[in-house]
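Next come the chains, spelled out residue by residue.
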Amino acid sequence: GENVEQHPSTLSVQEGDSAVIKCTYSDSASNYFPWYKQELGKRPQLIIDIRSNVGEKKDQRIAVTLNKTAKHFSLHITETQPEDSAVYFCAPRGNFGNEKLTFGTGTRLTIIP
Amino acid sequence: GAVVSQHPSWVICKSGTSVKIECRSLDFQATTMFWYRQFPKQSLMLMATSNEGSKATYEQGVEKDKFLINHASLTLSTLTVTSAHPEDSSFYICSASPSTSGGREFFGPGTRLTVL
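Attention in this report is confined to the structure presented alongside it. (Residues numbered from 1 in each chain as written. Chains lettered and ligands numbered in written order. Predicted model: local features only at pLDDT ≥ 70, side-chain atom pairs only at ≥ 80, totals over all residues. Heavy atoms only, no water.)

### With respect to the overall build of chain A
Using the following cut-off: Here a strand is any run of E in DSSP of at least two residues, a helix any run of H or I of at least four, and the numbering for each starts at the N terminus. Taken over C-alpha atoms, the radius of gyration is set against a globule rule of 2.2 Å times the number of residues to the power 0.38. Throughout, exposure labels follow a simple rule: accessible area from a 1.4 Å probe, protein chains only, divided by the maximum for the residue type, with under 20% read as buried, over 50% as exposed, and the rest as partly exposed. Note on definitions: a residue-residue contact is assigned when non-hydrogen atoms from the two residues lie within 4.5 Å. Per-residue and other accessible areas were derived by the Shrake-Rupley procedure at a 1.4 Å probe size, with only the shown protein chains allowed to occlude residues. Charged residues are defined narrowly, with Lys and Arg counted positive, Asp and Glu counted negative, and His plus the chain ends left uncounted. Here the site of a charge means atom NZ of a Lys, CZ of an Arg, CG of an Asp or CD of a Glu.
Counting secondary structure elements, chain A contains 0 helices and 10 strands. Order of helices (α) and strands (β) in chain A, N terminus to C terminus: β-β-β-β-β-β-β-β-β-β. Compactness check: chain A gives a C-alpha radius of gyration of 13 Å against a globular reference of 13 Å for 113 residues, within 12% of the reference. Expressed along its principal axes, the backbone C-alpha trace of chain A runs to roughly 40 × 30 × 20 Å. The buried share of chain A, taken over its 113 residues, is 44%. A separation threshold of at least 6 residues defines the contact pool for chain A, and within that pool the share at least 24 residues apart is 55%. Looking at chain A as shown, the accessible area adds up to about 5,700 Å², and 46% of this sits on carbon and sulfur atoms. Averaging the coordinates of the 13 positive side-chain charges in chain A and doing the same for the 13 negative ones gives two points 5 Å apart.

Structure (C-alpha cells):
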C-alpha cells in the first residue's frame, strides 16, 4: 500500500510569513495529489489539488508543487493569516474515481499574530 | 460543490449497544463511499470502502463483523458499530466523490461517537 509522510508535524509561523509543508509518498502510480485543511472537530476541506501532468498550481495565497520523479509534493501558503491555523493533510491517490485516499500524518500549523 | 451529510452529528451510548451512522450524498449519486475513523490528534484512517449493491471492502485490521456497512442506494451508506466499547469512541467521517468532480473527494461533517 501507499506510504505517506508529512513534514513537519508542527509548524509555527509569524503572521504574514510563508509556510511550506512537504508530503512524500511511495506509490509511483499516484496521479492525484490533494491537500486538505481540517479545523478542530470539523470535516477535512479540500483547499487545493494537482494532477500528475502539472508541476505547479496556484490559487491566490495557496500553491502546490509536485515532483513526481522524487515522489513528493508541497503545500505553500503565503501571507499567512490567523485563520490559516489548522491541521493540514496530504492525501495522494492512484486513479481518481474509486481509488482510496491515503492520508498523511498531518501538520499542525499555528499562525502567530 | 457536492454536499455530503451525516447523521447523527454526535452520539453517546452505553457499552455493548449498537450505533448506526448514516452518510448521504445530497446532490449526487455515489456508487462508492468511504468510511474513516479519526482519533484525537491523529490522521484519518480508512476503515472501509462502501460499494452500492455489493459487499464493502474492509481495510486490514478492521473487523467487518463489528463495523457493518450497508450501501443500499446510490445516496445512502450506513455504518453500524455493533457491541460498542469505549475504545470505539472516535470521530467517524464518510466521504464520496461525484462522477463529475474529477476525483475530488467530499467529506461529511463527521459523527462524534462516545461509548460509556
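### With respect to the state of the cysteines
What counts here: By definition, disulfides here are pairs of cysteine sulfur atoms that lie within 2.5 Å.
As enumerated under the stated definition, the model contains 2 disulfides over all chains in all. The side chain of C23(A) participates in a disulfide bridge whose partner is C90(A); the two sulfur atoms lie 2.0 Å from each other. A torsion of 70° about the S-S bond marks the disulfide between C23(A) and C90(A) as right-handed. Residue C23(A) is located in strand 3 (residues 19-25), and its partner C90(A) is located in strand 9 (residues 86-90); the two are separated by 67 residues in the primary sequence. The pair formed by C23(A) and C90(A) is uniform in burial state, with each residue classed as buried. Through a disulfide, C23(B) is tied to C94(B); the S-S separation comes to 2.0 Å.

### Let's talk about the environment of R108(A)
Within the element layout of this structure, R108(A) appears in strand 10 (residues 107-112). On a C-alpha basis, the gap between R108(A) and K68(A) in space is 25 Å, while along the polypeptide they are 40 residues apart.

### Points about the sheet that holds strand 3 (residues 19-25) of chain B
Residue and element names in this part refer to chain B. Put simply, the rule reads: In this analysis, strands are considered paired if DSSP registers two or more bridges between them. Fitted lines through C-alpha atoms give the axes, limited to the stretch in contact for helices. The angle between two N-to-C directions lies from 0 to 180 degrees.
On the basis of which strands lie adjacent, the open sheet formed by 4 strands has the order 1-3-8-7 and antiparallel pairing. Each end of this open sheet is capped by a strand with a single partner; those strands are strand 1 (4-7) and strand 7 (67-73). In this sheet, adjacent strand axes meet at a mean angle of 15° when their direction is disregarded.

### Some thoughts on the packing of aromatic side chains
What counts here: Put simply, two rings from Phe, Tyr or Trp (the six-membered ring, in Trp's case) pair if the centres are within 6.5 Å, and we call them stacked under 30 degrees between planes, edge-to-face over 60, tilted for the rest. To sit over a ring, a charge needs its Lys NZ or Arg CZ within 6 Å of the ring centre and within 35 degrees of the ring normal.
Using the criterion set out here, one finds 10 aromatic pairs over all chains in the structure. Aromatic ring contacts, followed pair by pair, group Y36(A), F89(A), F103(A), Y36(B) and F107(B) into a single cluster. Sitting over the ring of F67(B), K66(B) keeps its end group 5.9 Å from the ring centre.

### Here we look at a nonpolar patch on the surface
Put simply, the rule is: Put simply, a patch holds well-exposed residues, over 30% relative accessible area, that have no salt bridge, with like charges counted together within 9 Å and Val, Leu, Ile, Met, Phe, Trp or Tyr side chains within 5 Å. Note on definitions: salt bridges are taken to be side-chain nitrogens of Lys or Arg within 4 Å of carboxyl oxygens of Asp or Glu.
A contiguous nonpolar patch, built from W10(B), I12(B) and L116(B) and spanning about 380 Å² of accessible area, is present on the exposed surface. Structurally, I12(B) can be placed in strand 2 (residues 10-13).

### Quick look at the side chain of T80(A)
Residues and elements named next belong to chain A. As for its position among the elements, T80 is in the loop between strand 8 (72-77) and strand 9. Taking the relative accessible area as the measure of exposure, T80 reaches 2% and is therefore buried. Ignoring any residue separated from it by four or fewer positions in sequence, one finds T80 in contact with V13, Q14, E15, G16, D17, S18, A19, R61 and I111.

### Things to note about the interface of chain B and chain A
The criterion, for reference: Summed over both partners, the accessible surface that disappears when two parts come together, traced with a 1.4 Å probe, is what is meant by buried area. Throughout, the ten residues Ala, Val, Leu, Ile, Met, Phe, Trp, Tyr, Cys and Pro are labelled nonpolar, Asp, Glu, Lys and Arg are labelled charged, and all others, Gly among them, are labelled polar.
With 24 residues of chain B at the contact, the number on the chain A side is 23 residues. Counting the surface chain B buries against chain A, the share from its top three residues, S43(B), R104(B) and F107(B), is 28%. The interface formed by chain B and chain A contains 3 salt bridges. Close ionic contact of R104(B) with D49(A) constitutes a salt bridge, the shortest N to O distance being 2.6 Å. Take the side of chain B that touches chain A: its biggest share by element is 4 residues, from strand 4 (residues 32-38) of chain B. Per-class residue counts for the side of chain B that touches chain A are 9 nonpolar, 10 polar and 5 charged.

### Let's talk about the side chain of Q6(B)
Residue and element names in this part refer to chain B. What counts here: For this analysis, a polar contact is any N or O atom pair within 3.5 Å, provided that within protein one partner can donate a hydrogen and the other can accept it, and provided that sequence-adjacent residues contribute only side-chain to side-chain pairs.
Its place among the elements puts Q6 in strand 1. Among the polar contacts listed, one links the side chain of Q6 to the backbone nitrogen of G110, at a separation of 3.0 Å. With near-sequence residues (within four places) excluded, Q6 lies in contact with I21, E22, C23, W35, Y92, I93, C94, G108, P109, G110 and T111.

It is worth stressing that arrangement in space is one thing and function is another; only the former is reported here.
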